[in-house]
Amino acid sequence: MGRETFLLPVTWKEDQPVILPEGETITYTANRPYGPAPLWTADGLTKEAFFIRTPLVPCYEIGSKGQLTLTASSSDLNDKRQPAAIGRWINNWTFTAQTALDFTPREQGDFAGITCFHDDYCYIRFGKTLDKEGKPALSLEAYSRGKLCNQASTPLPKADGKIYLKVEGNDAVNYTFSYATNPKGEWMQVGEPVSADLISTQTAGGFTGTMVGIYATGNYENTNN
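What counts, and at which threshold
- Residues numbered from 1 in each chain as written.
- Predicted model: local features only at pLDDT ≥ 70, side-chain atom pairs only at ≥ 80, totals over all residues.
- Heavy atoms only, no water.
- Phe/Tyr/Trp six-rings, centres within 6.5 Å; stacked < 30°, edge-to-face > 60°.
- Buried < 20%, exposed > 50% of the residue type's maximum accessible area, 1.4 Å probe, protein only.
- Lys NZ or Arg CZ within 6 Å of the ring centre and 35° of its normal.
- Pairing = 2+ DSSP bridges.
- Helix = DSSP H or I, 4+ residues; strand = E, 2+ residues; numbered from the N terminus.
- Salt bridge = Lys/Arg side-chain N within 4 Å of Asp/Glu carboxyl O.

## Section: the packing of aromatic side chains
- Under the definition given, this model contains seven aromatic pairs.
- Ring geometry for Phe51 versus Tyr60: centroids 6.1 Å apart, planes at 35°, classification tilted.
- Assessed through its relative accessible area of 24%, Phe51 is described here as partly exposed.
- According to the relative accessible area criterion, Tyr60 is partly exposed, its value standing at 30%.
- Sitting over the ring of Phe111, Arg125 keeps its end group 3.9 Å from the ring centre.

In structure tokens form, the structure reads like this:
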């Protein structure tokens, strides 16, 4: 999960600080409960939310009822620029993140949904788009070190209408992606579970961990530099 902070007692021996005896591992002594943590409310983005790089132009609006409208950008996740994406750090080995999506792709390249993002070379995206034949579909793509490692899709009966997307993390082993056509309906998995190692700190390097959030892109003129 990237950089973490630990608080441990310190003793002094021969004028040197000793945190743990050599060879002894850090133990967890406290449990922190995790509850629902939305990215936004009617009052705005929550304190956990952040962007991929500093936004140069506004990319979202939140209505009085708490509905967020994300303006798609021509900058994609691998462009080393500021895409239209809002997320939060994954801070637990097991987690669930989901959203309701109301998006109609108009041409190939239009894409909106969920992303698990480590950096420009290691990320997963799952959302609504148009397939190679121009038909509406849900697409799952996992990139690691700049290479497409996992890909799956499922057709949709129509391009418009609301759909529900979900990603579940399984004890840092894999990520499972699924969708539903109504909030109380059955969740249907798309593709096989994606190995969490593909976008892990061990694979991608760095120390900031992985973001999970919402994302939209398309061939538009509002390019963010």
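This is not the end of the story, as more comes after the structure.
## Overview of the sheet that holds strand 8 (residues 84–89)
- Judged by pairing direction, the sheet is antiparallel, and its seven strands sit side by side in the order 5-8-18-10-11-12-13 without closing on themselves. Each having just a single partner strand, strand 5 (50–51) and strand 13 (147–155) make up the two edges of the open sheet.
- Two strands pair when backbone bridges link them, and strand 8 and strand 18 (residues 211–217) are joined in this way by six bridges, in the antiparallel orientation. Bridge pairing in strand 18 links Ala85 to Tyr215.

## Concerning unusual backbone geometry
- At Lys80, a position not held by glycine, the phi torsion is positive, near 60°.
- Among the secondary structure elements, Lys80 is positioned in the loop between strand 7 (68–70) and strand 8.
- The backbone of Ala172 shows a phi angle near 65°, a positive value even though the residue is not glycine.
- Following the sequence through the fold, Ala172 ends up in the loop between strand 14 (162–170) and strand 15 (174–180).

## Regarding the pattern of salt bridges
- According to the stated counting rule, one finds five salt bridges in the structure shown.
- Two residues, Asp76 and Arg125, come together in a salt bridge whose shortest N-O distance is 3.6 Å. Of the two residues, Asp76 is situated in the loop between strand 7 and strand 8 and Arg125 in strand 11 (residues 122–130); the sequence distance between them amounts to 49 residues.
- When its relative accessible area of 13% is taken as the criterion, Arg125 is described as buried.
- When salt bridges that share partners are traced, they join Asp76, Arg125 and Glu141 into one network.

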